Amino acid sequence: MLSRIQVQETLGIANALGLLDQGAIDDVLASFDAGSPFRAVLAVANCMHMHIKVDDTASLPRAALLAGGAVIDNEKDGYVKFACPSGMNLIFSSINVAQDDLRESPDRRRPRPFLDHVGIDLRDPAPAVRAAFDGIVAIAEQNGFPHSSQGGAGKAVFCCHVSVAEKHWVYPTRAAQRLAPVEIAFGPLVINADSSGCDLRPADPSLAAASPACGTRCGTP
């Protein structure tokens, strides 16, 4: 089981490097609380990740991240994943990974770095893990959180050159504040070295969303 203390240590490194704000850290750590809607999936998760949008992945403080115990797990142009001993992995991208990215314009571009989403990774296909994954839909509804899904029925979900079987996306709120989307990914992580492209994170379905110019999947630059 993931350790809240160890996760906090990893996120503290990202905060000290100016890559993640304290508010985002507090929200993620609250997921470990007994009353959290995500507590059941965290209990069966293999790992988590924070996906952070940056201006340029080549300008990241790599030496400091590696000194903190991280290793580069995979990398493409505009995308890099640092696997951390705590199980809280850090992903950075400058490419489009969400439908929201396609609606940005030079004069309405969100300052980087910022947290694009939080990921909870359920790699084990065991029935109990599958049940926890399937239960997310009801949990989202009970809490009044918008929800969307990707994949299933044999259709994988791709991100750069990796894929998983299915994803649920939950868009939590607190009072009138929208928090970072939460991705719950189910199934083994499959590396597809000969292909790239991204099934973009769906926009919050409760908001009026413009149709993305290239549909729901875009290739990397």
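Note that the structure is predicted; figures quoted are calculated from it, not measured.

Caption draft 1: Fine view of the layout of surface pockets. Of the voids in this model, the largest pocket is the one considered here, and its volume is about 1000 Å³. Elements supplying a minimum of two residues to the lining of the largest pocket: α2 (22-30), α5 (99-102), β5 (114-122), β10 (173-174) and β11 (177-178). Looking at side-chain class alone, the lining of the largest pocket contains 24 nonpolar, six polar and 13 charged residues.

Caption draft 2: Quick look at the pattern of salt bridges. Using the criterion set out here, one finds 15 salt bridges in the structure. Close ionic contact of Arg174 with Asp27 constitutes a salt bridge, the shortest N to O distance being 2.9 Å. Residue Arg174 is found in strand β10, and its partner Asp27 is found in helix α2; the two are separated by 147 residues along the sequence. With relative accessibility at 42%, the residue Arg174 sits in the partly exposed group. When the shortest N-O distance is used, the salt bridge between Arg130 and Asp134 registers 2.9 Å. Of this pair, Arg130 and Asp134 both sit in helix α6 (residues 127-134), separated by four residues, roughly a single helical turn. What makes Arg130 partly exposed here is its relative accessible area of 25%.

Caption draft 3: Broad picture of the packing of helix α1 (residues 4-16) against α2. Between α1 and α2, the least distance of the axes is 10 Å, while the angle of their chain directions is 165°. With respect to α2, the element α1 is oriented roughly antiparallel. Regarding α1 and α2, the two cross each other, and that crossing is right-handed. Every residue of α2 that contacts α1 at Arg4, Val7, Gln8, Leu11 and Asn15 is listed here: Gln22, Ile25, Val28 and Leu29. Looking at side-chain class alone, the contact of α1 with α2 contains five nonpolar, three polar and one charged residues.

Caption draft 4: Expanded view of the packing of aromatic side chains. Counted according to the given criterion, the structure contains two aromatic pairs. A centroid spacing of 5.9 Å and a plane angle of 80° characterise the contact between Phe82 and Phe92, whose relative ring orientation is edge-to-face. Here Phe82 is found in strand β3 (residues 79-83), whereas its partner Phe92 is found in strand β4 (residues 88-93), with ten residues between them in sequence. Cation over ring: Arg130 sits above Phe186, and NZ or CZ is 4.8 Å from the ring centre.

Caption draft 5: Just the sheet that holds strand β12 (residues 182-186), in detail. Pairing within the open sheet is mixed, and its eight strands lie in the order β2-β3-β4-β1-β5-β12-β9-β6. The two strands at the open ends of the sheet, each matched to only one other strand, are β2 (71-76) and β6 (147-151). Each neighbouring strand pair of the sheet contributes to a mean axis angle of 20°, computed without reference to strand direction. In this sheet, β4 lies alongside β3 in antiparallel orientation, the contact comprising four bridges. Residue Lys81 lies in a different strand from β4, and its bridge partner there is Ile91.

Caption draft 6: Region of the structure containing the side chain of His49. Summarising the element assignment, His49 is placed in strand β1 (residues 47-53). Among the polar contacts listed, one links the side chain of His49 to the side chain of His117, at a separation of 3.3 Å. Those residues within four positions of His49 in sequence are excluded, and the remaining contacts are Met88, Asn89, Ile91, His117, Val118, Gly119, Asp121 and Glu183.

Caption draft 7: Fine view of the nonpolar core. Counting 42 residues, the largest nonpolar core has Met50, Phe92, Ile120 and Ile184 as the members making the most contacts within it. For Ile184, the residues in contact, after removing those within four places along its chain, are Phe38, Val41, Ile120, Leu122, Phe133, Ile136, Glu166, Lys167, His168 and Val170. Membership of the second largest hydrophobic core comes to nine residues, among which are Ile91, Val97, Cys160 and Leu200.

Caption draft 8: Seen up close, the state of the cysteines. Within this structure, the stated rule accounts for zero disulfides. No disulfide involves Cys159; its nearest neighbouring cysteine sulfur is the one of Cys198, lying 4.1 Å away. The exposure class assigned to Cys198 is buried, which follows from its relative accessible area of 2%.

Caption draft 9: Up close: empty space enclosed by the protein. Evaluation of the coordinates by the stated rule reveals two cavities of 30 Å³ or more. There is about 290 Å³ of room inside the largest cavity. Lining the largest cavity are 28 residues, and of these His49, Ile91, Cys159, Lys167 and Glu183 sit closest to its centre. Residues belonging to the lining of the largest cavity are distributed by class as follows: 14 nonpolar, seven polar and seven charged. In this structure, the second largest cavity spans a volume of roughly 60 Å³. Surrounding the second largest cavity, Thr10, Ile13, Leu65, Gly68, Ala70, Cys84, Pro85 and Leu90 form its lining. Here the residues of the lining of the second largest cavity are counted per class, giving six nonpolar, two polar and no charged.

Parameters at a glance
- Residues numbered from 1 in each chain as written.
- Predicted model: local features only at pLDDT ≥ 70, side-chain atom pairs only at ≥ 80, totals over all residues.
- Heavy atoms only, no water.
- 1 Å grid on protein atoms, 1.4 Å probe; cavity = no way out; pocket = protein on both sides within 12 Å on 5 of 7 lines; lining within 4 Å.
- Points joined across faces, edges and corners; volume = space filled by probe spheres on them.
- Helix = DSSP H or I, 4+ residues; strand = E, 2+ residues; numbered from the N terminus.
- Nonpolar A, V, L, I, M, F, W, Y, C, P; charged D, E, K, R; others polar.
- Salt bridge = Lys/Arg side-chain N within 4 Å of Asp/Glu carboxyl O.
- Buried < 20%, exposed > 50% of the residue type's maximum accessible area, 1.4 Å probe, protein only.
- Axes fitted to C-alpha atoms, helices over the stretch in contact; angles between N-to-C directions.
- Parallel < 35°, antiparallel > 145°, perpendicular 65-115°, else oblique.
- Left-handed = near helix turned anticlockwise from the far one by under 90°.
- Contact = heavy atoms within 4.5 Å.
- Phe/Tyr/Trp six-rings, centres within 6.5 Å; stacked < 30°, edge-to-face > 60°.
- Lys NZ or Arg CZ within 6 Å of the ring centre and 35° of its normal.
- Pairing = 2+ DSSP bridges.
- Polar contact = N/O pair within 3.5 Å; in protein donor to acceptor, adjacent residues only side chain to side chain.
- Core = buried A, V, L, I, M, F, W, Y, C linked by side-chain atoms within 4.5 Å.
- Disulfide = S-S within 2.5 Å.

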